[in-house]
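Survey of secondary and tertiary structure
Given next are the chains, with one letter for each unit.
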Amino acid sequence: MSDLGRIVILGRAFPMAIWLRERASERPGLLREFLEGAQAWRARGAHLDLARIVRQVDPSLVDPETSMPRGDVHSLYQQRFGIHFFQDVIEQLEPLSTTQGAIALASQLGLEPWYVWAHAAPRRAERDPLDPLDLEVPREVIVRMGDWAIGLQLMDVVAPQVCGELVGDDSLSDRELAVWPITLALRHRIPHPLILPESERDEFMDAVAAWHHGAETDDFLIEAMSLAWVDRFGEPPRSPARASLPGPWHPLHWPEALDPADAVLWQLLRHGVGLVEGWQQDVPALLTADELRAAWERSSAALDRLLATSYARHVARRLGIACALGGELPDDTVGAAWRLLVFEGVLRELVGAIRALVLDPDGWLGEYDALAEQFDSWTWYGMRHFGNIGRG
């Protein structure tokens, strides 16, 4: 690799390190887990080969001198490989690519639905345009996937320089860390709605298309339990970027997607998923039975048609709260609160996912443009920084 190429790659890693450093105050173990994943990946002697999937399918499409695909790389990935390019990149970069930090970074670039879909979609070498499950991946997603992958591969070089010493003393196991996105953490229990039989899949997509809740979220259970958590345990430290935001604490990233970096929401999901998975039985009581009943009634009304789908009923059964869809709560209202929180979280994540993957991918990506542009400006700053180091 030329010095310039190395500087460009280092520059791509630079904004990710800045973002992780800011989030480290909210999620103490996030940066440490990420850097350990990077070191483990490097110890394998691995390197990122963006042309690997191309070479396996059609070697003639790869330039033997540059070892890169010929022509317009992004169009080639989009048209021939789609989500299978992302599947290949995730596999190449494991265990780094499956850390919470890597997933959260993918979210900041608007890629969360495609990241989750890459873990759920049927694997194959290249796209099958005749298969309705082989969704078309927008060109901009392919571009951001590539930036994400290129930046990840040298984070073990960049992050120590940008972030200093490893932070946090997170004693949680890897499994306990993997609580976000919920549909990824529980994928062995809860199927992705796009893999359902056609009638059930279409029913859920129609319900998502008709759901226009908007930005106001006070009706939801997650908000009620988040505020109860803050009232009982206080608000965890906030990163400089989060602390500078105007207005009160808000546990949403965008109106239809949960925020993976928020420390309160992460604590809620860790308890909720831990209760469902059975590796954490002790959960605090945040709402009284009457408060839970009132909060769930508000949430049920806000979720609207989503609750009437066969998919929602299936998920509720898997979580052991099917009776709640009929207006009744289990006797164990503490456990029910956490299971309902997970249930609501799954539905709200999937509203964003279906909009991104099927209904309005351009609109979804547009909501993340500002942060992608900020990453670009940090990249140029990083290229200058590491270019100066190289000349020194």
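Cut-offs and rules
- Residues numbered from 1 in each chain as written.
- Predicted model: local features only at pLDDT ≥ 70, side-chain atom pairs only at ≥ 80, totals over all residues.
- Heavy atoms only, no water.
- Helix = DSSP H or I, 4+ residues; strand = E, 2+ residues; numbered from the N terminus.
- Buried < 20%, exposed > 50% of the residue type's maximum accessible area, 1.4 Å probe, protein only.
- Contact = heavy atoms within 4.5 Å.
- Areas by Shrake-Rupley, 256 points an atom, 1.4 Å probe, with all protein chains shown as cover.
- 1 Å grid on protein atoms, 1.4 Å probe; cavity = no way out; pocket = protein on both sides within 12 Å on 5 of 7 lines; lining within 4 Å.
- Points joined across faces, edges and corners; volume = space filled by probe spheres on them.
- Nonpolar A, V, L, I, M, F, W, Y, C, P; charged D, E, K, R; others polar.
- Expected span 1.5 Å × (residues − 1).
- Polar contact = N/O pair within 3.5 Å; in protein donor to acceptor, adjacent residues only side chain to side chain.
- Salt bridge = Lys/Arg side-chain N within 4 Å of Asp/Glu carboxyl O.

Let us look at the overall build of the chain. Looking only at helices and strands, the chain has 20 helices and two strands in total. Within the span of the chain, comprising 392 residues, buried residues form 56% of the whole. A sequence separation of at least 24 residues applies to 80% of the contacts in the chain between residues at least 6 apart. Just so you have it, the chain exposes about 16,600 Å², and 51% of that area is on carbon and sulfur atoms.

Right, let's talk about the layout of surface pockets for a bit. By volume, the second largest pocket amounts to about 510 Å³. Forming the walls of the second largest pocket are 23 residues, and the residues nearest its centre are I9, L50, M68, I150 and Q153. When residues of the lining of the second largest pocket are traced back to their parent elements, those giving at least two are α1 (3-23), α4 (73-81) and α8 (139-153). Top contributing element to the lining of the second largest pocket by residue count: α8, with six residues. Here the residues of the lining of the second largest pocket are counted per class, giving 13 nonpolar, seven polar and three charged.

The subject of this paragraph is α8. The terminal C-alpha atoms of α8, which comprises 15 residues, lie 22 Å apart, in line with the 21 Å expected from a rise of 1.5 Å per residue. Taken together, the buried positions of α8 are V141, I142, R144, M145, G146, W148, A149, G151, L152 and Q153.

Along the chain, Q87 falls in helix α5 (residues 83-93). By relative accessible area, which is 2% here, Q87 ends up buried. With residues near it in sequence (within four places) discarded, Q87 still touches A118, A121, P122, R123 and R124.

Attention now moves to the environment of E140. Locating E140 in the fold gives a position in helix α8. It is 10.0 Å that separates the C-alpha atoms of E140 and L111, two residues lying 29 residues apart in sequence. In terms of polar contacts, E140 uses its side chain to reach the side chain of R144, at 2.9 Å.

Quick look at the pattern of salt bridges now. Counted according to the given criterion, the structure contains 16 salt bridges. Between R52 and D88 there is a salt bridge, with its nearest N and O atoms 2.6 Å apart. With R52 in helix α3 (residues 52-57) and D88 in helix α5, the pair connects residues that are 36 residues apart, well separated along the chain. Looking at R52, the relative accessible area reads 24%, which means it is partly exposed. A salt bridge links D134 to R124, with the shortest nitrogen-to-oxygen separation between them at 2.7 Å. Taken together, the positions of D134 in the loop between α7 (112-120) and α8 and R124 in the loop between α7 and α8 put the pair 10 residues apart, joining distant regions of the chain. By relative accessible area, which is 4% here, D134 ends up buried.

So, about unusual backbone geometry. Cis geometry is adopted by the peptide bond preceding P95, which originates at E94 and carries an omega value of 10 degrees. In this structure, P95 sits in the loop between α5 and α6 (100-108). Here the residue pair W180 and P181 is connected by a cis peptide bond, since its omega of -10 degrees sits within 30 degrees of zero. Tracing the sequence through the fold places P181 in the loop between α10 (174-177) and α11 (182-185). The phi angle at S67 is positive, at roughly 60 degrees, despite the residue not being glycine. Examined against the element boundaries, S67 turns out to sit in the loop between α3 and α4. Classification of S67 by relative accessible area gives partly exposed; the value is 36%. The backbone of D304 shows a phi angle near 55 degrees, a positive value even though the residue is not glycine. Relative to the elements of secondary structure, D304 occurs in the loop between α16 (289-303) and α17 (310-319).

In short, shape yes, function no, at least from these values alone.
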